[in-house]
Each structure stands twice: as C-alpha cells, then as structure tokens.
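# Summary of structural features
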Amino acid sequence: MLTVLFDGVAYGMVLFILACGLAVTLGLMNLVNLAHGAFAMAGGYAALVLVNHWGVPFLAALPLVFLFSALLGALLERTLYIHVYARSHFDQVLFSIGLVFMSVAIVDYLAGSSQQFIAIPDMLRARFEFLGISMGAYRLLIIVTCGVIALALHLALSRTRFGSRLRAAVDDPRVARGLGINVGVIFAVTFAIGSGLAGLGGALGAEILGLDPSFPLKFMIYFLIVVTVGGTSSISGAFLASLLLGIADVAGKYYVPEFGAFVIYTVMIAVLIWRPQGLFGRVATR
C-alpha cells in the first residue's frame, strides 16, 4: 500500500512538472497553449541527445535541458505567440494545435517514430527499503526535485515583485504599462520559464512515460485535466491536483487493472461536480 502511494506521488510529481507551465500561462497569462506538450517533448529529446549521444551525465543535463526549452519558448513567444495574446481562446487553440502537429512531424522526421528512453545512471536505478516502503532512487529524485520547484514557484508568484508585476500585467496591460511595467518582458520571461519547466518535466518523465513523436498528443489531456481539476488561479491547485490524480491513477491500475485507465477521469468528473471551478479556482461573481 505504501509503495503504491510512493509511486503515485512520484507519478503525480511528473504530472505537476509537466503541467505547471500550462497552469502559469493559462491561469496567469490567459493564454490557451495546447502546444505545451511540444516543449516537454523538446526537453525530452534534448536530454536524449545530451545523455545518450553526447555522454553528458544525466544530472548535469537537466539544467541544460531547462535552459534549452526556456530559450526555445522565449524565441517562439517573441516571434509567434506574441501575435495571439489578444486573440480569442478559439484562435489560440487552433494556433497551438497547429504547432503540436508541426512539432510531431518534425520530430518524427528527425528522430523516427519508435519510442526511446534516456540512459539513467545505475545509482538512480537502485531501490531501497525505508519504513516498509520500497523506494526507487529515480522516483525519489523526481519527488524531491519537483517539490522544490513547486515551493519556489509558489513563493516567486506570491511573494516577489515579479509575481505582483505579472498579475498586474495580466489584469490590465495598459495600466501596467502606465506604471512603468514592461509587459512584453514580463510575458516573455513567464512563458520562457513555463516552457523550461515543461522541458525539464519531459526529461524527468521520459523514463516513466516514454518518449516518441506523439508525446504532445498522448499527454495533452493529462495536462488539461491537472489544470482543470486544480483550477487556474494558483500553482497550489495544480500541485494538489497532480498528487491526487497521480495517486488515483497508480492505485487504480494496481488494484483494479481492468478499470484503472478510467480512474483519473472518474476523479476529474467527481471533483468538477463538487467544484466546477476546480479545487483552487475562484468562484465567478457577477
């Protein structure tokens, strides 16, 4: 039971690191970016090249993957996404879906369609017992890394000047510019950080989820479920939703394998019936 809980928390942390960037862009920037999974895939393949082909140690490759995905996100934000901020959500959906299919085609052409895995060092493949829980070193690394990132994001968005400027830029860009806030830079940095986190999640999650050109399409629904269940108002919502869904998904597949694939959707429906705005979403007022 405790081992299943541990694996569920690790899977939930993978979902969080993959989806938290979408929670930031959708919840704080009001941008529907369904191509978020493409940045996760880019990070996964960047880690694959660095580790498997260039021989970079896995742990040393992780910050490089974050920087690569963040720079890619900043480039696309300044050249493409900047033109759809003021467009309707429907236009944003069509635009980002187009980017998803383009990224799938590009990766399939360059890397092939077969599933690939990153070479994890032997020390991270080890398992050990602690208080009756069978823990994997790699999953423990994921839990610790994602926990630190979740805390850092929460503090950055709620306790820093950057977080307050971001909220001001989203609430009323014209007033924010009048107050001397460079809205373009704020949005670019936020989008880059979200893309970097997605890429980092793709690298960390490749061992658990696998990596192939259809990655953005296969896991798009999971990103959306996390953001929907958690609500778009805070990182805390995405974090709690990821843990809830990760534990439910792993436990469902372990205890009721014939129904396990549907557990995560059942949890989503139950939460949204109880709180249509999500766990941490704000109730709409008139």
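Residues numbered from 1 in each chain as written. Predicted model: local features only at pLDDT ≥ 70, side-chain atom pairs only at ≥ 80, totals over all residues. Heavy atoms only, no water.

In the annotation of an unreviewed UniProt entry, the entry for the protein reads Branched-chain amino acid ABC transporter permease, and the organism field reads Roseomonas mucosa. As its UniProt record puts it under Subcellular location (unreviewed entry), the protein is described as follows: "Cell membrane". (UniProt positions renumbered as here; feature names shortened; annotations may be inferred.)

### Some thoughts on the nonpolar core
Of all hydrophobic cores here, the largest spans 91 residues; its most connected members are F58 and F215. Ranked by residues supplied to this core, first place goes to helix α1 (residues 2-27) with 15 residues. (Core = buried A, V, L, I, M, F, W, Y, C linked by side-chain atoms within 4.5 Å. Buried < 20%, exposed > 50% of the residue type's maximum accessible area, 1.4 Å probe, protein only. Helix = DSSP H or I, 4+ residues; strand = E, 2+ residues; numbered from the N terminus.)

### A word on the UniProt feature "transmembrane region" (unreviewed entry) in the protein
UniProt annotation of "transmembrane region" (unreviewed entry) refers to residues 12-31, 61-81, 93-111, 131-157, 178-200, 220-247 and 254-274 when read in the numbering used here. End C-alpha to end C-alpha, residues 93-111 measures 27 Å, and it is 100% helix and 0% strand.

### Looking at helix α2 (residues 36-53)
Given a rise of 1.5 Å per residue, 18 residues ought to cover 26 Å, and the 26 Å separating the end C-alpha atoms of α2 matches this to within 8%. Counted residue by residue, α2 has 15 buried out of 18 residues, so it is predominantly covered. Downstream of α2 by a residue or two, G55 has a phi angle that is positive, lying close to 75 degrees. (Expected span 1.5 Å × (residues − 1).)

### Considerations on the side chain of S103
You can see S103 is positioned in helix α4 (residues 89-111). The residues touching S103, leaving out its near neighbours within four places in the chain, are A38, M41 and P216. (Contact = heavy atoms within 4.5 Å.)

### Section: the packing of helix α6 (residues 137-159) against helix α7 (residues 161-171)
In contact at an axis separation of 5 Å, α6 and α7 are set at 65 degrees when each is read in the N-to-C sense. Classified by the interaxial angle, the pair formed by α6 and α7 is roughly perpendicular. In contact with A156, L157, S158 and R159 of α6, α7 contributes R161, G163, L166 and R167. Residue classes in the contact of α6 with α7 are distributed as three nonpolar, two polar and three charged. (Axes fitted to C-alpha atoms, helices over the stretch in contact; angles between N-to-C directions. Parallel < 35°, antiparallel > 145°, perpendicular 65-115°, else oblique. Nonpolar A, V, L, I, M, F, W, Y, C, P; charged D, E, K, R; others polar.)

### Regarding the environment of I142
Relative to the elements of secondary structure, I142 occurs in helix α6. Residue class for I142 comes out buried when judged on its relative accessible area of 0%. Dropping the residues within four chain positions of it, I142 is found in contact with A10, M13, V14, L204 and I208.

### Let's talk about the packing of aromatic side chains
For the structure on display, the rule yields nine aromatic pairs. Judged by centre distance (5.8 Å) and plane angle (85 degrees), the ring pair of F39 and F191 falls under edge-to-face. Of the two residues, F39 sits in helix α2 while F191 sits in helix α9 (residues 183-209), which places them 152 residues apart along the sequence. F191 shares its class with F39; the two are buried. Measuring from centroid to centroid gives 5.8 Å for F219 and Y222, while their planes differ by 45 degrees, and the two rings are tilted. For Y222, a relative accessible area of 14% corresponds to the buried category. Put simply, the rings of F39, Y81, F95 and F191 touch in pairs and so form one group of aromatic residues. The positively charged end of R275 is found above the aromatic ring belonging to W274, 6.0 Å away from the centroid. (Phe/Tyr/Trp six-rings, centres within 6.5 Å; stacked < 30°, edge-to-face > 60°. Lys NZ or Arg CZ within 6 Å of the ring centre and 35° of its normal.)

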